[in-house]
Amino acid sequence: MFQEAFKYYKAKNPPPELNNVIDLSREDALGLDSRLKDISKTIVPNIRFPGVIDTKLWRAFELVNRPGLVIIQNPFTEHGQRYWIARSVCDYPKYPNRTNLPAYVIARYSSHSSESENEQQSFDWWKTGQAIEEPQERIKFLKTLRWTTLGYHYDWTNKVYDEAAKAPFPTDLACLCRHFAKSLGFDQFQPEAAIVNYYPVGSTLAGHTDHSEKNLDAPLFSFSFGQPAVFLIGGLTKDEQPDACCCLLLRSGDVIVMTQASRLCYHAVPRVFTDCTAQQLWNEKQQLANNQSLEEPEAQTILCSGTISAVAATACHQTTGKNLHWSAFVDYISNSRININIRQVLNEGENQL
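This report concerns the structure included in the present document.

## Quick word on the environment of W58
- Following the sequence through the fold, W58 ends up in the loop between β1 (36-38) and β2 (59-63).
- Ignoring any residue separated from it by four or fewer positions in sequence, one finds W58 in contact with S40, I43, V52, I53, I72, P75, H179, F180 and S183.

## A short note on the pattern of salt bridges
- By the definition in use, this model includes 13 salt bridges.
- Of the charged contacts, one joins D23 and R251 as a salt bridge, the two residues approaching to 2.9 Å between their closest N and O atoms. Here D23, found in the loop between α1 (2-10) and β1, pairs with R251, found in the loop between β10 (247-250) and β11 (255-258); they are 228 residues apart in sequence, far enough to count as distant.
- Given a relative accessible area of 17%, R251 falls into the buried group.
- For R87, the salt bridge goes to D172, with nearest N and O atoms at 2.6 Å. Of this pair, R87 sits in helix α2 (residues 78-90) while D172 sits in helix α7 (residues 171-183); the two residues are 85 residues apart in sequence, bridging distant segments of the chain.

## As for the sheet that holds strand β12 (residues 267-272)
- What the 4 strands build is an open sheet, ordered β7-β12-β9-β10; its pairing is antiparallel. If you trace the sheet from one side to the other, it starts and ends with β7 (205-208) and β10, each paired once. Taken over all neighbouring pairs, the strand axes of this sheet differ in orientation by 25 degrees on average, direction set aside.
- Along the sheet face, α1 touches β7, β9 (229-233), β10 and β12 and points at about 15 degrees away from the line of β12.

## Notes on the nonpolar core
- The biggest cluster of nonpolar side chains holds 55 residues, and the ones touching the most others in it are W125, L173, F180, F223 and I338.
- In this structure, I338 is in contact with I85, S88, V89, V196, N197, Y198, F223, S224, F225, Y332 and I333, ignoring residues within four places of it in sequence.
- Residues L24, I233, L250 and I256 belong to the second largest nonpolar core, which totals 16 residues.

## Description of the sheet that holds β11
- If you trace the 9 strands from one edge of the open sheet to the other, you get β1-β2-β3-β11-β8-β13-β6-β5-β4, paired in antiparallel fashion. Strands at the two margins of the open sheet, each flanked by one partner only, are β1 and β4 (98-99).
- Both β1 and β2 contribute to a ladder of 3 bridges, which runs antiparallel. Bridging from a neighbouring strand, K37 pairs with E62 of β2.
- The strands that α2 touches are β6 (193-200), β8 (220-226) and β13 (336-343); relative to β13, the one it contacts most, it runs at about 85 degrees.

Cut-offs and rules
- Residues numbered from 1 in each chain as written.
- Predicted model: local features only at pLDDT ≥ 70, side-chain atom pairs only at ≥ 80, totals over all residues.
- Heavy atoms only, no water.
- Helix = DSSP H or I, 4+ residues; strand = E, 2+ residues; numbered from the N terminus.
- Contact = heavy atoms within 4.5 Å.
- Salt bridge = Lys/Arg side-chain N within 4 Å of Asp/Glu carboxyl O.
- Buried < 20%, exposed > 50% of the residue type's maximum accessible area, 1.4 Å probe, protein only.
- Pairing = 2+ DSSP bridges.
- Axes fitted to C-alpha atoms, helices over the stretch in contact; angles between N-to-C directions.
- Core = buried A, V, L, I, M, F, W, Y, C linked by side-chain atoms within 4.5 Å.

This is the structure we're talking about:
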């Protein structure tokens, strides 16, 4: 049943109807309250973080038929979105983080045409892509990156974590995640592993559950940036058919938090697509951000990490004139979706597997 729903929303000809998919940006979203429980008043008020609006302004809902699954409608500022997009493409794909990029791809596009370990460690995916002058070749190359892992690296084959396969977790991302955790009452949450997914328009993510962590009581945080996607969540087995209330339209900046039983439910992304109206609105907001001075509190985001690249910093903070640095990110995100999902691996009080 889950697979049938997945195929329906994945279909290209004819494309699926999205009328029953929950979209918090729709004008008639208030009419969907029967499928959503407004939990905005349960958010800890007046907690601030650079690039995120005050928690008292958040619109947060829990799915009635999937208790524990929370969606927060884009709480990020324009500069906040810009920062995390830049970090995701400029910095997170770099060593010692791991990516899906095979050695032969790195060798093909590197200056030394070598598959050596040193070459792979020094490879800069974003910088390499921007150096490709032919547009179609550049687009083709940028689609080669599909995921990168941070902190505890996930073993995709054996579906486990290994204490020996671990990199430092980015300080800025840990700070962001703790902010959301604290706002929702998860004061003890520790971000220890993350998977950043890169979805070209038209790509999908098959149904799966997240059960490899030792601590299954801790929440799982998911941040979306770029093009919209249909998020499908079913039950504990694939035999349960997802109904309309279990389909969400995720837009740039939206946050999903999976807690309790919901994190063990099958979920998938059957559709990533371009929404021209939403894209135009997003572009207009970003253009306004280009012409605004960056507020000092937001500038502190950069100070969360000493490893942010100059390219990412420039993209986030160049706010006068024509932002040529940011235009490259706009070109990428206009045809892509980025999803950052963070989880706690260990039980409370543990420091290793």
